[in-house]
Amino acid sequence: MANMGMLRDAVAAWAAGGPGGPAQDLADRLFVHTAVLLEGPSDAAAVDAMAARHGRDLAADGICVLPMGGAMSVGRFAGLLGPAGLDLRLVGLCDEREQDFYVRALRRADAEPDGLFVCAADLEDELIRALGVSAVTELVAAEGESRRLQTFLRQPAQQGRAAQQQLRRFLGTKSGRKIHYGRILVEALEPTRAPAPLAGLFAAL
């Protein structure tokens, strides 16, 4: 049975140089009208958790959440999914340092986004600021990683950094950790405390 996971895989294969037919067929069968362009799987985990938190079934609504495997892929994905390809409505989430690159890449693909929502540093940073350092530290402890965090904080490179920056760095130090905490941090948010870029993205969906 066709599902959004299959479509994500088909689009990734297409972006890597494979045929576009399977993606076109799946998009038609799933009645997809919108693609959410995200840099990577940790962003996708956060978006999926946000959808679940608010009772949204994005797949049932014809919305495909697409981690692109890096910001440099946005032009390629926009070309495949925008007017010259599947002609889907595009929305996206990006980091502030990459905003100009996103805008230029999307324009080159004639795929002006319906909404591009910008995080100051990245989505993890936005979530840490929304929750507060103390709350995030407690969540890390609840996940059994308090000792690992304390070991990390004693490293010379972390001395003098703000606590928020230290936590953000910690989330990226182990493969899969950012994905795991993308979900954990969103699930801990009060419904009205979502970071502005994430709240804006969902308001556009």
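What you see is a predicted model, and the numbers here were worked out from it, not measured in a lab.

Draft legend 1. Highlighting the packing of helix α6 (residues 123-131) against helix α10 (residues 177-188). Where α6 meets α10, the closest approach of the two axes is 10 Å, and the angle between their N-to-C directions is 35 degrees. For the crossing formed where α6 meets α10, the hand is left-handed. Contacts between α6 and α10 pair E124, L127, I128 and L131 from the former with K178, G182, L185, V186 and A188 from the latter. Tallied by class, residues from the contact of α6 with α10 come to six nonpolar, one polar and two charged.

Draft legend 2. The arrangement of the sheet that holds strand β4 (residues 115-119) in detail. Across the sheet, four strands lie side by side as β2-β1-β3-β4; this open sheet has parallel pairing. Edge positions in the sheet fall to β2 (63-67) and β4, since each of these pairs with one other strand and no more. Strand-to-strand twist across the sheet, computed as the mean angle between neighbouring axes with direction ignored, equals 15 degrees. Bridging between strand β1 (residues 34-38) and strand β3 (residues 89-95) involves four bridges; their strand directions are parallel.

Draft legend 3. Quick look at the pairing of β2. Burial runs high along β2: four of the five residues are buried. Here β1 pairs with β2 via five bridges, running parallel. Note on β2: the bridge partner recorded for L38 is P67. The β-α-β motif built from β1, the intervening helix α3 (residues 41-53) and the parallel element β2 has right-handed crossover chirality.

Draft legend 4. The arrangement of unusual backbone geometry in detail. Its identity as a non-glycine residue notwithstanding, D87 has a phi of 60 degrees, on the positive side. Here D87 shows up in the loop between α4 (74-81) and β3. Despite not being glycine, D110 shows a phi value in the positive range, around 55 degrees. Mapped onto the secondary structure, D110 falls in the loop between α5 (99-108) and β4.

Draft legend 5. Quick look at the pattern of salt bridges. For the structure shown, the criterion picks out 10 salt bridges. With its nearest N and O atoms 3.4 Å apart, the salt bridge here joins D61 to R56. Take R56: its relative accessible area is 27%, and that puts it in the partly exposed class. Between R148 and E145 there is a salt bridge; the shortest N-O distance is 3.8 Å. One salt-bridge network, held together by shared partners, links D125, E126 and R129.

Draft legend 6. Inspection of the packing of aromatic side chains at higher detail. For the coordinates displayed, the defined rule picks out one aromatic pair. In this arrangement the basic side chain of R177 is found over the ring face of F170, its NZ or CZ atom lying 4.1 Å from the centre.

Draft legend 7. Spotlight on the environment of Q164. Looking at the secondary structure, you find Q164 in helix α9 (residues 163-171). Between the C-alpha atoms of Q164 and I128, which are 36 residues apart in sequence, the distance is 6.8 Å.

Draft legend 8. Looking closely at helix α2 (residues 21-29). Those residues of α2 lying buried are A23, L26 and A27. Down the axis, α2 shows its buried residues gathered within 100 degrees of arc, on one side only. Against α1 (4-15) lie the buried residues of α2. Two residues or fewer after α2 comes F31, characterised by a positive phi angle close to 55 degrees.

Draft legend 9. Examining the environment of R169 more closely. Considering the arrangement of structural elements, one finds R169 in helix α9. Since its relative accessible area comes to 44%, R169 is described here as partly exposed. With 44 residues separating them in the primary sequence, R169 and D125 have C-alpha atoms 9.4 Å apart. For R169, the contacting residues outside a window of four places in its chain are F152, Q158 and R161.

Parameters and conventions
- Residues numbered from 1 in each chain as written.
- Predicted model: local features only at pLDDT ≥ 70, side-chain atom pairs only at ≥ 80, totals over all residues.
- Heavy atoms only, no water.
- Axes fitted to C-alpha atoms, helices over the stretch in contact; angles between N-to-C directions.
- Helix = DSSP H or I, 4+ residues; strand = E, 2+ residues; numbered from the N terminus.
- Left-handed = near helix turned anticlockwise from the far one by under 90°.
- Contact = heavy atoms within 4.5 Å.
- Nonpolar A, V, L, I, M, F, W, Y, C, P; charged D, E, K, R; others polar.
- Pairing = 2+ DSSP bridges.
- Buried < 20%, exposed > 50% of the residue type's maximum accessible area, 1.4 Å probe, protein only.
- Right-handed = clockwise from strand over helix to strand, strands pointing away.
- Salt bridge = Lys/Arg side-chain N within 4 Å of Asp/Glu carboxyl O.
- Phe/Tyr/Trp six-rings, centres within 6.5 Å; stacked < 30°, edge-to-face > 60°.
- Lys NZ or Arg CZ within 6 Å of the ring centre and 35° of its normal.
- Arc of directions from axis to C-beta.

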